[in-house]
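Residue strings, one per chain:
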There are 6 protein chains.
Amino acid sequence: MSTAHSSGPLLVISAHAGDFVWRAAGAIALAAERGDRAKVVCLSYGERGESARAWREGKRLDEIKKIRRAEAEAAAGELGAEIEFLDAGDYPLLETPELVDRLVRVYREVEPAVVLTHPLADPYNGDHPAAARMALQARVLAQAIGYDAPGEPLGAPPVFFFEPHQPEQCDFKPNVLLDITPVFERKRRAMECLPAQQHMWDYYTSLAKRRGVQLKRNAGPNLGLPVETMAEAYVRLYPQTTGELA
Amino acid sequence: MSTAHSSGPLLVISAHAGDFVWRAAGAIALAAERGDRAKVVCLSYGERGESARAWREGKRLDEIKKIRRAEAEAAAGELGAEIEFLDAGDYPLLETPELVDRLVRVYREVEPAVVLTHPLADPYNGDHPAAARMALQARVLAQAIGYDAPGEPLGAPPVFFFEPHQPEQCDFKPNVLLDITPVFERKRRAMECLPAQQHMWDYYTSLAKRRGVQLKRNAGPNLGLPVETMAEAYVRLYPQTTGELA
Amino acid sequence: MSTAHSSGPLLVISAHAGDFVWRAAGAIALAAERGDRAKVVCLSYGERGESARAWREGKRLDEIKKIRRAEAEAAAGELGAEIEFLDAGDYPLLETPELVDRLVRVYREVEPAVVLTHPLADPYNGDHPAAARMALQARVLAQAIGYDAPGEPLGAPPVFFFEPHQPEQCDFKPNVLLDITPVFERKRRAMECLPAQQHMWDYYTSLAKRRGVQLKRNAGPNLGLPVETMAEAYVRLYPQTTGELA
Amino acid sequence: MSTAHSSGPLLVISAHAGDFVWRAAGAIALAAERGDRAKVVCLSYGERGESARAWREGKRLDEIKKIRRAEAEAAAGELGAEIEFLDAGDYPLLETPELVDRLVRVYREVEPAVVLTHPLADPYNGDHPAAARMALQARVLAQAIGYDAPGEPLGAPPVFFFEPHQPEQCDFKPNVLLDITPVFERKRRAMECLPAQQHMWDYYTSLAKRRGVQLKRNAGPNLGLPVETMAEAYVRLYPQTTGELA
Amino acid sequence: MSTAHSSGPLLVISAHAGDFVWRAAGAIALAAERGDRAKVVCLSYGERGESARAWREGKRLDEIKKIRRAEAEAAAGELGAEIEFLDAGDYPLLETPELVDRLVRVYREVEPAVVLTHPLADPYNGDHPAAARMALQARVLAQAIGYDAPGEPLGAPPVFFFEPHQPEQCDFKPNVLLDITPVFERKRRAMECLPAQQHMWDYYTSLAKRRGVQLKRNAGPNLGLPVETMAEAYVRLYPQTTGELA
Amino acid sequence: MSTAHSSGPLLVISAHAGDFVWRAAGAIALAAERGDRAKVVCLSYGERGESARAWREGKRLDEIKKIRRAEAEAAAGELGAEIEFLDAGDYPLLETPELVDRLVRVYREVEPAVVLTHPLADPYNGDHPAAARMALQARVLAQAIGYDAPGEPLGAPPVFFFEPHQPEQCDFKPNVLLDITPVFERKRRAMECLPAQQHMWDYYTSLAKRRGVQLKRNAGPNLGLPVETMAEAYVRLYPQTTGELA
């Protein structure tokens, strides 16, 4: 895959510090290996909602944020991605015009060719849809020449939702299966940067295998795919534009 | 586009003799220009349900079939496609195991890389969903090594539904917009092989423009697309499998 | 309401002999009072699936059919409607090309301005969707000049689904609420022609009140509707065509 | 159509200054020709999100608002409608209790018999659903006698969503097709009041033809409609209440 | 039913003071008869949106609140439930972080085993979905050890939506039918604590009968249910977890 | 679990010989351990569509059927279930009135308290929905006293769909998660009776873990569930009827 052509910057907008690792590390590593810029924006550290072990150990809020930040930076490093933290707070992650405006400025600066974020429904975690709504709103605002922010109006980069924890309950019906076999070892190492959630390492390895089985089933038996194909599932939000059906 | 790589045979399964022209001629011509085999299978001539003018003129059933066949052959010729007629009757097009079996044999012989057919819902025309159900069932049967028909088991070619006449009423939400600008003149000439429906020529030209506007809107303003981009809309049935999000 | 203008024939296609009374008697009586022809076609007598009491009483099949027929005729008489029985059998009501063809001939003869039938989903009774599928298929076939049956090609009469017994489980989301207050007494008398199901009389009276409350809620408080408005709920299948939004 | 009976005031609530022209001018002109009051409320001028050409020409914000206002006033004049601008800002149009309250007061003053607004989903433009949500919330509030605003409690006027730019992507499944043939020339002239978007004139003329074809298809061949029927598509939100199925 | 085992506290979150009576009184009385704590939280008194008669009689806002409070307290008393009023205002009921935080504290204090609230869609009343969104968000927040509020992190109590006034329009497809026959008299007495809405007493009695008929239909004829079974309908939001299919 | 009360016979209707093992073995073993009768009906052996390895090895049709039958009998034996083969043929499994009638007779003989079958959608395998449609139709027919088959009319046993291979593509949104931890070893041994699909053993073990994680997430952290809870996912078709919300 290292010879694949560059296709432009990848922007990943996630609610908490760890989301991008479990759900989109493969796509990020593929972009980095192609030589594309990959940038992750974490709206919060997940300091309240996704740090149960640290709270049980009696850590303070500022300590938890610091730990989560370091872990996420290490994971991003393994994947070859930049990472930025907006520290907007979690549980709840509040939607505000100011936060949306910060995202507009990110879009204008990164000029992404592809955007990844959470799906719009998640009855188990309100921060995820809130992040997705802001990511989508900011993308539309960044397209308007009349929106007052530095940089050029954005094009229309495709948006892909990455996989939530309970996909069926989130109305997540994958329409893209991404082959991450060539970079799965990098994804595994990135997951191992998050030691507090060690049980997730195997869980997401198993999920990648299962999505890989589906990829092979949908691609047909004749494609010379490896016995153990690893995959990530995505939902494409806008219609694909193409010069060829395939 | 003439330098595009070959991607394998295209199979189009349509209920009546004219459907492939209005709805999928662009995709067919693109395949032919790439050097791929393109094969159209018409389950019927549309002799009862889509030949109102001929009936009003007092023509007989056998005459109508002959006319429709000649027109469809001419249109296929313009597009560079083979065409086969199964003459299964229309209005209604009846689903039978025998007709499905014939389609299995077509799949095994053509070994398509891509399949096009009608969407599964159409409250205005029961033949269209009937054709789609048979096309899908035959594709699955052709994949089984245990199915008793000549040839090798089929792979898992992607299936795309082409656009029905009243898309919203048919739950047709396009997720692929195909740029047919390079071959639109061929599509126009193929449409002109169907003189009894002259009012459709402009109708489908106008539709191609409208879908083209949407293609540009979804592709972003920066892509160097021509002022008048022409497009066809499709719905992809199975998840896309890919090595890159784009 | 007796001064309302005539709007053309009404055709009601129901799976069993009693369905039209509980679910559509109001619409039928309104049509009759307007002076329109109203015709009910019962595909079966409901002799196996909807005659539990008669079977428990030890009646024979031919007796049951005769009873159900007489009851349905009496009810149709109260409503001012013609009634025809196709005696196609129930539980299951089998879909056949021959039965669809008979319905095509009914359409061509009646030339309905409005069609009523069952909704397309009913997990409690497979005969109801089977009747609906045949009613819809026959309507489309009757529109084709090339379909070989007496009479002129049918226009495009609107189709309304009448209310099933468990509406939410049948995906029945009413988009038309019909005011049947002026004819409710006729509906009640028609229901009373079906003595074996006496508990239904009050049940459907209660339903008419509830749908009437909803009608008033959706019509606004200013319309001078009576305190106790009675209504039937319907789902319109095809888009309404109109010269005025109201 | 000039002899049609008056049916009460029409209220159109749109996010930006031009929306009502492209999407609902036919319904507005029909109301005006019937002698009904027609009032358009524009929540913003569309100064940031829908004035790309003016921004590229280097115009200032206040200039752009002024231009857009003048154009919209001219278009409303052509249609025979009043117009009011709330100047709430666009891109993003922010939902606030104050803005909703202003709309409640409009409802109480106009006492509309029919309401038109945007559909609730639009992945291409967040202002449109925001306008729709406020329009619907205000309608419900205006119905409550306990809501503290001048005027009488509102009835329950039906709400129709007008057509978005990419209907399928907005889950816009038309259930009403409005015949605007008698007033299409007025719609065309109103469109021509918006010179910055000249390419839209033909685009929406073509759309009106296409919706007109669908209207004829759904109305049946027997209605004496003109060869070129022009139509607008709508989605009715609440159930229709009626004394007659038609 | 008085011998049924205790299953833990029941928490009911409703937008207005009367909602819990019409829609969930049966479930509340069953819990109380089992010996479980039942707590009702009313976000508002429904003073503006659901007190039309009092406003027409010229009562003042503070009087209306007082009346509604007294009525709701009496109804809760009949059912054996505690009741708390947050007095957050209605029409509109505004979603705020502060109100959500108050609900988090209620969850942490009550530690409910079961939660009841409004469904998420209601085109007739925006306060109902607003209450539901806050109830669901607070439940998730209360589960996080990192959320700063007294008490232990909440478990994952199941959530049931109770029935809205026009169920089909609110996408309310019941998946649980609760037998309230043993406590229906208590529900009736609780309803009679709300004298301003006397017409509702019979309306909801009739609804309970209708849902009871459906319960019997779905439970099978062999269960020894009484002739007149009374029921309430619910929608379960999260998957049921069980050790036995039944 | 061995002390759980008996709840009546379990009937499993599956298209092919192996389906019940991968997808429902846990539910079957739980029923058997409770002392309930568990009966599996296989409509076909899966001899053409699900025996790829045997065909590649050159086996004949009758040999393959014999092998599949022996394997399925062994698996049923491990689970404590009866098994019956209708040998109706697969790929395609054809729906016929005769086959439905045979299922009616099974229902009347078994008098199931619970029914398991395939979901109604599966774009990868047409036999699965065909089996489901027949299982559901036969259940309704068996309820009618007028249906001419031995035995008493059936009650209304609940129906659960078991999990398909690609759940999201089959619109399979689980609403019941069944704890199969106590019998997972039996499920594993039953899977090991199918040696030709050895890769499935780990696949379905992994799936059981994943569904178990979801079960714990939905049941709350306080329930004393084991670290590694194993689960199967189901969709309940009809509303649950109950005397208690839980």
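Report follows, based on the coordinates. Computed from a predicted model, the values in this text were never measured in an experiment.

### Some remarks on the overall build of chain A
Here comes step 1: On a plain count of helices and strands, chain A comes out with seven helices and eight strands.
Here comes step 2: Relative to a compact globule of 246 residues, whose C-alpha radius of gyration would be 18 Å, chain A shows 18 Å and is just as compact.
Here comes step 3: Taken across its 246 residues, chain A has 61% of its residues classed as buried.
Here comes step 4: Long-range contacts, defined as pairs at least 24 residues apart, comprise 76% of the intrachain contacts of chain A with a sequence gap of at least 6.
Here comes step 5: As presented, chain A carries roughly 8,700 Å² of accessible surface, and 50% of it is formed by carbon and sulfur atoms.
Here comes step 6: Distance between charge centres in chain A, computed from 29 positive and 34 negative side chains, equals 3 Å.

### Quick look at the state of the cysteines
Here comes step 1: By the definition in use, this model includes zero disulfides over all chains.
Here comes step 2: Considering cysteine sulfurs only, A:Cys193 is the nearest to A:Cys42, which forms no disulfide, with 13 Å between them.

### Quick word on the packing of aromatic side chains
Here comes step 1: Per the counting criterion, the structure on display carries 29 aromatic pairs over all chains.
Here comes step 2: When the ring of B:Tyr124 is compared with that of C:Tyr238, the centres are 5.0 Å apart and the planes differ by 50°; the resulting orientation is tilted. In this pair, B:Tyr124 sits in the loop between strand E4 (114–117) and helix H5 (127–142) while C:Tyr238 sits in the loop between strand E7 (231–236) and strand E8 (240–242), so the two residues belong to two different chains. Here the two residues B:Tyr124 and C:Tyr238 agree in accessibility, since each one is buried.
Here comes step 3: With a centroid separation of 5.1 Å and 25° between ring planes, the pair formed by C:Tyr45 and C:Phe85 is classed as stacked. With a gap of 40 residues between them, C:Tyr45 in the loop between strand E2 (38–42) and helix H2 (52–56) and C:Phe85 in strand E3 (residues 82–85) connect regions that are remote in the sequence.
Here comes step 4: The structure contains a cluster of three or more aromatic residues connected by ring pairs, namely A:Trp22, A:Tyr203 and A:Tyr204.

### A closer look at the arrangement of the chains
Here comes step 1: Nothing in chain A touches chain C, and the closest approach of their C-alpha atoms is 19 Å.
Here comes step 2: Where chain D comes nearest to chain F, the C-alpha atoms are still 19 Å apart, and the two do not contact one another.

### Let's talk about the relation of the copies chain D and chain E
Here comes step 1: Rotating chain D by 120° about the axis while translating it 0.0 Å along that axis superimposes it on chain E, leaving an RMSD of 0.0 Å. Look at the turn and shift together and you get a three-fold axis relating the two.

### Considerations on the side chain of E:Glu71
Here comes step 1: Of note, E:Glu71 is situated in helix H3 (residues 61–79).
Here comes step 2: Residues in contact with E:Glu71, not counting those within four places in the same chain, are E:Cys193, E:Leu194 and E:Pro195.

### Overview of helix H1 (residues 19–34) of chain B
All names here are of chain B.
Here comes step 1: The terminal C-alpha atoms of H1, which comprises 16 residues, lie 22 Å apart, in line with the 22 Å expected from a rise of 1.5 Å per residue.
Here comes step 2: Ala25 marks the point of greatest bend in H1, at about 75°.
Here comes step 3: Along H1, 14 of the 16 residues are buried, which leaves the element largely enclosed by surrounding structure.

### What about the sheet that holds E7(C)?
Hydrogen bonds between backbone groups are what pair the strands of a sheet, and the pairing can be parallel or antiparallel.
Here comes step 1: In space, the eight strands of this open sheet follow the order E3(C)-E2(C)-E1(C)-E4(C)-E5(C)-E7(C)-E6(C)-E8(D), with mixed pairing throughout. Every other strand in the sheet has two partners, leaving E3 of chain C together with strand E8 (240–242) of chain D as the edge strands with one partner each. Across the sheet, the mean angle separating the axes of adjacent strands is 25° when strand polarity is ignored.
Here comes step 2: As paired elements, strand E6 (residues 176–179) of chain C and E7(C) share four bridges and run antiparallel to each other. Following the sheet pairing, C:Val176 is matched in E7(C) by C:Tyr234.

### Here we look at the interface of chain D and chain E
Interface size, as often reported, equals the accessible area lost upon joining of the parts.
Here comes step 1: Chain D puts eleven residues into the contact, and the matching count from chain E is twelve residues.
Here comes step 2: Taking both partners together, chain D and chain E bury about 1,000 Å²; carbon and sulfur atoms supply 71% of that area.
Here comes step 3: Inspection of the region where chain D meets chain E yields zero salt bridges.
Here comes step 4: Our count for the contact surface shared by chain D and chain E stands at two residue pairs in polar contact (both at pLDDT 80 or more).
Here comes step 5: Of the residues assigned to the side of chain D that touches chain E, the class counts are eight nonpolar, two polar and one charged.

### What about the interface of chain B and chain A?
Here comes step 1: Taken together, the contacts link 37 residues of chain B with 37 residues of chain A.
Here comes step 2: Contact with chain A buries area across many residues of chain B, yet B:Gln240, B:Glu244 and B:Leu245 alone supply 23% of it, more than any other trio.
Here comes step 3: In this assembly, chain B and chain A are joined by 14 residue pairs in polar contact (both at pLDDT 80 or more).
Here comes step 4: When residues of the side of chain B that touches chain A are traced back to their parent elements, those giving at least two are H1, E4, strand E6 (176–179), helix H7 (198–219), strand E7 (231–236) and strand E8 (240–242) of chain B.
Here comes step 5: The residue makeup of the side of chain B that touches chain A, split by class, is 21 nonpolar, eleven polar and five charged.
Here comes step 6: By the bridge criterion, three bridges tie strand E6 (residues 176–179) of chain A to E8(B) in an arrangement that is parallel. Across the sheet, the residue bridging to A:Leu178 is B:Thr242, located in E8(B).

### Some points on helix H5 (residues 127–142) of chain A
Here comes step 1: The end-to-end C-alpha separation of H5(A) is 22 Å, in line with the 22 Å expected for 16 residues at 1.5 Å each.
Here comes step 2: Across the 16 residues of H5(A), 14 count as buried, placing the element largely inside the fold.

### Brief notes about the environment of B:Leu207
Residue and element names in this part refer to chain B.
Here comes step 1: Note that Leu207 resides in helix H7.
Here comes step 2: By relative accessible area, which is 8% here, Leu207 ends up buried.
Here comes step 3: Sequence spacing of Leu207 and Gly224 is 17 residues, and the spatial spacing of their C-alpha atoms is 21 Å.

### Describing the relation of the copies chain B and chain A
Here comes step 1: For the pair chain B and chain A, the relating rotation is 180°, the translation along its axis is 0.0 Å, and the fit reaches an RMSD of 0.0 Å. Within this description, the copies of the chain are treated as partners about a two-fold rotation axis. Relative to the rotation axis, the closest C-alpha in chain B is found at B:Asn175, a distance of 4.8 Å.

### Some remarks on unusual backbone geometry
Across the chain, the bulk of peptide bonds are trans and the bulk of non-glycine residues have phi less than zero.
Here comes step 1: Between C:Tyr91 and C:Pro92 the backbone carries a cis peptide bond, its omega angle lying at 5°.
Here comes step 2: Inspection of the secondary structure assignment puts C:Pro92 in the loop between E3 and helix H4 (97–110).
Here comes step 3: Phi at D:Tyr91 takes a positive value of approximately 45°, unusual for a residue other than glycine.
Here comes step 4: Looking at where D:Tyr91 falls in the secondary structure, it is placed in the loop between strand E3 (82–85) and helix H4 (97–110).
Here comes step 5: The exposure class of D:Tyr91 is buried, given its relative accessible area of 7%.

### Considerations on the packing of H1(B) against helix H6 (residues 184–191) of chain B
All names here are of chain B.
Here comes step 1: At a minimum axis distance of 9 Å, the contact between H1 and H6 shows a crossing angle of 130°. By the angle between their axes, H1 is oblique relative to H6. Between H1 and H6 the crossing geometry is right-handed. Counting all contacts with H1, which are made through Val21, Trp22, Arg23, Ala25, Gly26, Ala29 and Glu33, the residues of H6 involved are Arg186, Lys187, Ala190 and Met191.
Here comes step 2: Looking at the contact of H1 with H6 residue by residue, the classes come out as six nonpolar, one polar and four charged.

### Some details on the pairing of strand E5 (residues 159–162) of chain B
Residues and elements named next belong to chain B.
Here comes step 1: Going residue by residue along E5, you find Val159 and Phe161 tucked away on one face and Phe160 and Phe162 tucked away on the opposite face as well.
Here comes step 2: Note that E4 and E5 share three bridges and pair parallel. Bridging from a neighbouring strand, Val115 pairs with Val159 of E5.
Here comes step 3: After leaving E4, the chain enters H5 and then returns to the sheet as E5, a path that is right-handed.
Here comes step 4: Strand direction decides the pairing type here: E5 and E7, joined by three bridges, are antiparallel. Directly across from Phe160, in E7, lies its bridge partner Arg236.

### Some remarks on the side chain of F:Arg68
All names here are of chain F.
Here comes step 1: Among the secondary structure elements, Arg68 is positioned in helix H3 (residues 61–79).
Here comes step 2: It turns out Arg68 is buried and unbridged, and the closest side chain with the opposite charge, Glu50, is 4.2 Å from it.
Here comes step 3: In contact with Arg68, not counting residues within four places along its chain, are His16, Ala17, Gly18, Tyr45, Gly46, Glu50, Ser51 and Gln197.

Quick notes on the rules
Residues numbered from 1 in each chain as written. Chains lettered and ligands numbered in written order. Predicted model: local features only at pLDDT ≥ 70, side-chain atom pairs only at ≥ 80, totals over all residues. Heavy atoms only, no water. Helix = DSSP H or I, 4+ residues; strand = E, 2+ residues; numbered from the N terminus. Rg over C-alpha atoms; globule rule 2.2 N^0.38 Å. Buried < 20%, exposed > 50% of the residue type's maximum accessible area, 1.4 Å probe, protein only. Contact = heavy atoms within 4.5 Å. Areas by Shrake-Rupley, 256 points an atom, 1.4 Å probe, with all protein chains shown as cover. Lys, Arg positive; Asp, Glu negative; His and termini not counted. Charge placed at Lys NZ, Arg CZ, Asp CG, Glu CD. Disulfide = S-S within 2.5 Å. Phe/Tyr/Trp six-rings, centres within 6.5 Å; stacked < 30°, edge-to-face > 60°. Least-squares fit on C-alpha atoms with pLDDT ≥ 70 in both. Expected span 1.5 Å × (residues − 1). Bend = angle between axes of the 7 residues up to and from the residue. Pairing = 2+ DSSP bridges. Axes fitted to C-alpha atoms, helices over the stretch in contact; angles between N-to-C directions. Buried area = accessible area lost by both parts, 1.4 Å probe. Salt bridge = Lys/Arg side-chain N within 4 Å of Asp/Glu carboxyl O. Polar contact = N/O pair within 3.5 Å; in protein donor to acceptor, adjacent residues only side chain to side chain. Nonpolar A, V, L, I, M, F, W, Y, C, P; charged D, E, K, R; others polar. Parallel < 35°, antiparallel > 145°, perpendicular 65-115°, else oblique. Left-handed = near helix turned anticlockwise from the far one by under 90°. Right-handed = clockwise from strand over helix to strand, strands pointing away.

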